[in-house]
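# Close look at the chain arrangement
What follows is the residue order along each chain.
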Amino acid sequence: MGKKQETNPDSEYGEPAQFDPTFKGPIKKRGCTDIICCILFMAVILGYLAVGILAWLYGDPRHVLYPRNSTGWFCGTGPNKDRPNLFYFNILKCATSVNVMATALNGFQCPTTQVCVETCPTRFHAVEIAAYLPGAKPANFFNQSLCVPSIDLATTKFTVQEIVDKELCPYFYVPTTSVLGRCLPDITRLGEIPSDLSNFKFLPSTANETIDLIKNGTGDIVNGFNAREIGIRIFEDFASSWPWILIGLLIAMVVSMLFLLLLRFTAPVMVWVLIIGVLGAGAYGIWHCYWEYDNYKQNSATISDIGFTTNFKVYLQVQETWLAFLIIISVAEAIILLTIIFLRTRILIAIALIQESSKAISHMMSSLLYPLVTFVLLVVCVAYWGATALYLATSGNPIYRVVALNSSETGCDSINGTVDCDPQNFTASDYSNCPSASCIFIKYNDEGLFQRNLFNLQIYNVVAFLWCVNFVLALGQCTLAGAFASYYWAFTKPDDIPMFPLSASFIRSLRYHVGSLAFGALILTLVQLVRIILEYIDHKTRSAQNPCARFLMCCLKCCFWCLEKFIKFLNRNAYIMIAIYGKNFCVSAKNAFMLLMRNVIRVVVLDKVTDLLLFFGKLLVVGGVGVLSFFFFSGRILLPGNTFRSETLNYYWMPIITVVFGSYLIAHGFFSVYNMCVDTLFLCFLEDLERNDGSLQKPYFMSKNLMKILNKSNKAPKQGRRKD
């Protein structure tokens, strides 16, 4: 019974850390941790490399980057290097056709002959009825550059009718524009089509009918990918304004750095100003609600006068609504005020830690550049994933089959698109009964062991990608934690800070803790995969879900979102403990969680104060640079001379969006380092409180400011006091 009474009340969250006379900061003599997970991670990386090699061997991204003509050659490369655009003979067959194959083909493939051309035609042309009379010369009615290469209009013996039946030349075309290398109708110029088409064979009788067919078949494609002209204009804007965009990003970097370095002086003022601002906003809300309540009370406007209505604006005109608002805001204001009064010491501790973090970064300025390393590694991961996915998607040889371009013709009934063919060796004379028989692309080969497992390999690509990305982020957190921990546990700052703390921490993380970092990244990856699967199921079944199923799906998505946030929080603190003590992931996560739970109120206060400051900092950087870029690129700020003129920009908002987005990424990169510094120093501070008592044998490592807030001090040795 006596032992039970002497037990520490915090024992349910573990015993406080004990004093260790040999501990002098991040442990240097450590061993490899979580070796099994390290081996598994290396095996997955090797498998990922093998998948990439196989995809590179079997895939051909030209299938996506370059269009193919009917003979199987790519446009814009090889023998068609000077002919980068793909032209469709009968664009109406892309919209509708009596041929059932029109619905079976994917992407931009249409059941019509396709040739590579130098430029897309920009005017309307159609072969008149007179051209089908005997003696008419094909060269007078067709454009040689738009015909198949095998026919020479000057020497051919085919008649115009035979050329049209065999689809050797297009019998009509409309104004087109190049979209992703395909000549698709220019929707803005379809008005150039003649209103009366009765003089042209094989065409609808009216222009409106033709235009409707074209719009239905290709309008969405043209509008969806937009015109290349817009892309060219945006590129021109970037080409003329990129130096000023870089200057804007440089300003964002300087402002972010100055904000972090000045927090050691401005943090107390900023925190209390923000707190007073919140209380002031609440006080104004109370006054305004009371004022509205008093006005409507004098007018005797009550809720019983209006009853129930779906027009919620009406409820803002009755006294009961404003009375409810008044009570809610008053209660919230009282809670916030009492919380600040009772937690003022913990708020002061949070402010002191924020100031100490700013001081730590000023002693290790190289830490602000580490996000560039993380960014480069993430770019490598994303690029490898994208390239692998592209090569996997284009794996397998293209399959060509004999298709009747007009299955309504007599003799074409037997051609159903099941016979394979080689477009480069295909001869239409083998199908003399069907003049419109042609060899066209259908799909990529999905037979064979590799092709049958393409879907599984794509899943492997996604899983390995997520694991690698989470590992890179974990490596960055552990590296920064080790560097900042070496700062805190330096008794005399900055004299006792080790040389190159960031590099040393990076090497330790890679040498000893790849397995632990991979373990934490794997747990997070599994949770993210579940969230992706839930999103996929929700997207596919949304139209068939009843309210109960939607509610269940929403609950599952919310639960796993919360789980992912918790895992990220736990991993972050586990990596800090790994960087300091060199233990495995599970032990580090347990120790970090127990330490935080023993100081849960301090955790909440520090977290919210830090979030408030960093949010204000991001708002200051992004908002300030965004406003400055708006005034500059919109022409409201003029430079002397003709250095830059906003009138030369086609879309002045594109540089502004670029600067704002880039400023956010820069601010996020700098502030993520600062956030990691605060979290690391906070855990070290909690350990310091539990390990030491301020005596000569167990001196505190915290700053004098923190000791003053806590009413603690170190006993000064006889030879003199330590430096802060």
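Residues numbered from 1 in each chain as written. Predicted model: local features only at pLDDT ≥ 70, side-chain atom pairs only at ≥ 80, totals over all residues. Heavy atoms only, no water.

### Considerations on the overall build of the protein chain
In terms of regular secondary structure, the protein chain is built from 19 helices and 8 strands. As displayed, the protein chain offers around 38700 Å² of accessible surface, 64% of which is attributable to carbon and sulfur atoms. (Helix = DSSP H or I, 4+ residues; strand = E, 2+ residues; numbered from the N terminus. Areas by Shrake-Rupley, 256 points an atom, 1.4 Å probe, with all protein chains shown as cover.)

### Quick notes on the nonpolar core
L263, F685 and M702 are the most contacted members of the largest nonpolar core, which totals 107 residues. Per element, the largest residue contribution to this core is 18 residues, and it comes from helix 12 (residues 454-488). Excluding residues within four positions of it along the chain, L263 makes contact with M270, I354, Q355, S358, L613 and Y674. Judged by nonpolar contacts, the second largest core, of 33 residues, contains C120, V148, L153 and Y173. (Core = buried A, V, L, I, M, F, W, Y, C linked by side-chain atoms within 4.5 Å. Buried < 20%, exposed > 50% of the residue type's maximum accessible area, 1.4 Å probe, protein only. Contact = heavy atoms within 4.5 Å.)

### Comments concerning empty space enclosed by the protein
Across all of its chains, the model carries 3 cavities of 30 Å³ or more by this definition. By volume, the largest cavity amounts to about 60 Å³. For the lining of the largest cavity, the secondary structure elements donating two or more residues are strand 1 (85-88) and strand 4 (172-173). Partitioning the lining of the largest cavity into residue classes produces 8 nonpolar, 1 polar and no charged. (1 Å grid on protein atoms, 1.4 Å probe; cavity = no way out; pocket = protein on both sides within 12 Å on 5 of 7 lines; lining within 4 Å. Points joined across faces, edges and corners; volume = space filled by probe spheres on them. Nonpolar A, V, L, I, M, F, W, Y, C, P; charged D, E, K, R; others polar.)

### Some remarks on the side chain of R508
You can see R508 is positioned in helix 13 (residues 501-512). Despite being buried, R508 has no salt bridge partner; E687 is the closest side chain of opposite charge, sitting 15 Å away. In this view, R508 contacts P26, I27, R30, G482 and H513; residues no more than four positions away in its chain are not counted. (Lys, Arg positive; Asp, Glu negative; His and termini not counted. Salt bridge = Lys/Arg side-chain N within 4 Å of Asp/Glu carboxyl O.)

### Some points on the pattern of salt bridges
In total, this model carries 8 salt bridges according to the counting rule given. For E535, the salt bridge identified is with K557, shortest N-O distance 3.7 Å. Residue E535 is located in helix 14 (residues 514-541), and its partner K557 is located in helix 15 (residues 547-581); the two are separated by 22 residues in the primary sequence. Take K557: its relative accessible area is 23%, and that puts it in the partly exposed class.

### Quick look at the side chain of E333
With respect to the helices and strands, E333 occurs in helix 8 (residues 319-342). For E333, the contacting residues outside a window of four places in its chain are V278, L279, G282, A283 and I286.

### Structural notes on a nonpolar patch on the surface
Taken together, L250, M253, V254, L258, L262 and F265 make up a surface patch of nonpolar side chains, about 550 Å² in accessible area. Among the structural elements, L262 can be located in helix 7 (residues 228-298). (Patch = residues over 30% accessible without salt bridge, like charges linked within 9 Å, V, L, I, M, F, W, Y side chains within 5 Å.)

### A short note on the packing of aromatic side chains
This structure, assessed with the given rule, holds 19 aromatic pairs. A centroid spacing of 4.7 Å and a plane angle of 35° characterise the contact between F41 and F471, whose relative ring orientation is tilted. With a gap of 430 residues between them, F41 in helix 2 (residues 35-58) and F471 in helix 12 connect regions that are remote in the sequence. Linked through ring pairs, F41, W467 and F471 together constitute an aromatic cluster. (Phe/Tyr/Trp six-rings, centres within 6.5 Å; stacked < 30°, edge-to-face > 60°.)

### A look at helix 13
Since the α-helix packs 3.6 residues into each turn, any two residues three or four apart lie on the same face. Here helix 13 spans 16 Å end to end across 12 residues, near enough to the 16 Å set by a 1.5 Å rise per residue. For helix 13, the complete set of buried residues consists of P501, L502, S505, R508, S509 and Y512. Summarising the axial view, the buried residues of helix 13 lie within an arc of 130°, below the 170-degree limit, and thus occupy one face. Facing away from the buried surface of helix 13 by more than 90 degrees, the exposed residues are I507 and R511. Where helix 13 is buried, its residues meet helix 10 (370-393), helix 12 and helix 14. (Expected span 1.5 Å × (residues − 1). Arc of directions from axis to C-beta.)

### Observations regarding unusual backbone geometry
The backbone of D34 shows a phi angle near 50°, a positive value even though the residue is not glycine. In the Ramachandran plot, F500 falls in the positive-phi region, its phi being about 45° despite a non-glycine side chain. Note that F500 resides in the loop between helix 12 and helix 13.

### Concerning the environment of P84
Along the polypeptide, P84 turns up in the loop between helix 3 (62-65) and strand 1. Between the alpha carbons of P84 and T119 there is a distance of 7.8 Å; along the sequence they are 35 residues apart. Discounting chain neighbours no more than four positions away, the residues touching P84 are P67, C75, G76, V117, E118 and G181.

### A look at the state of the cysteines
In the structure shown here, the tally under the stated rule is 3 disulfides. The disulfide partner of C75 is C116, and the S-S distance across this bridge is 1.9 Å. Taking the torsion about the sulfur-sulfur bond, which here is approximately -80°, the covalent link between C75 and C116 counts as left-handed. Of this pair, C75 sits in the loop between helix 3 and strand 1 while C116 sits in strand 2 (residues 114-117), placing them 41 residues apart in sequence. Taken individually, C75 and C116 each receive the classification buried, so the pair is uniform in this respect. C32 takes part in no disulfide bond, and the closest cysteine sulfur, belonging to C38, lies 7.3 Å away. Not engaged in a disulfide, the cysteine C555 finds its nearest cysteine sulfur in C554; these two sulfurs lie 5.9 Å apart. Judged by relative accessible area, which is 29%, C555 ranks as partly exposed. (Disulfide = S-S within 2.5 Å.)

### Digging into the pairing of strand 5 (residues 176-179)
Walk down a regular strand and you will see the side chains alternate between the two sheet faces. Alignment of strand 5 against strand 6 (residues 182-185), held across 4 bridges, turns out to be antiparallel. Bridge assignment links S178 to a residue of strand 6, and that residue is C183. Here strand 5 folds back onto strand 6 in antiparallel fashion, the turn holding 2 residues, of which L180 has a positive phi close to 55°. (Pairing = 2+ DSSP bridges.)

### Some words on the packing of helix 10 against helix 12
Contact geometry of helix 10 with helix 12 gives a least axis separation of 10 Å together with a crossing angle of 175°. When the axis of helix 10 is compared with that of helix 12, the two are roughly antiparallel. A per-class count over the contact of helix 10 with helix 12 returns 19 nonpolar, 6 polar and no charged. (Axes fitted to C-alpha atoms, helices over the stretch in contact; angles between N-to-C directions. Parallel < 35°, antiparallel > 145°, perpendicular 65-115°, else oblique.)

### Topic: helix 2
Here helix 2 spans 34 Å end to end across 24 residues, near enough to the 34 Å set by a 1.5 Å rise per residue. Buried within helix 2 we find C37, F41, V44, Y48, V51, G52 and A55.

### Let's talk about the confidence of the model for the protein chain
Across the protein chain, pLDDT averages 78, with 79% of residues at or above 70. Ranking the helices and strands of the protein chain by mean pLDDT puts helix 2 first, with 92, and helix 1 (residues 2-6) last, with 40. The low-confidence segment residues 223-228, where pLDDT is below 50, has 6 contacts with residues more than four positions distant or belonging to other chains. Confidence drops under pLDDT 50 across residues 720-724; counting only partners more than four residues distant or on other chains, this segment forms 15 contacts. (pLDDT = per-residue confidence, 0-100.)

### So, the packing of helix 2 against helix 10
Put simply, helix 2 and helix 10 touch, their axes get as near as 8 Å, and they point 45° apart. When the axis of helix 2 is compared with that of helix 10, the two are oblique. The handedness of the crossing between helix 2 and helix 10 is left-handed. Side by side, helix 2 and helix 10 meet where Y48, L49, V51, G52, A55 and W56 of the first sit next to Y384, W385, T388, Y391 and L392 of the second. When grouped by side-chain class, the residues that make up the contact of helix 2 with helix 10 number 9 nonpolar, 2 polar and no charged. (Left-handed = near helix turned anticlockwise from the far one by under 90°.)

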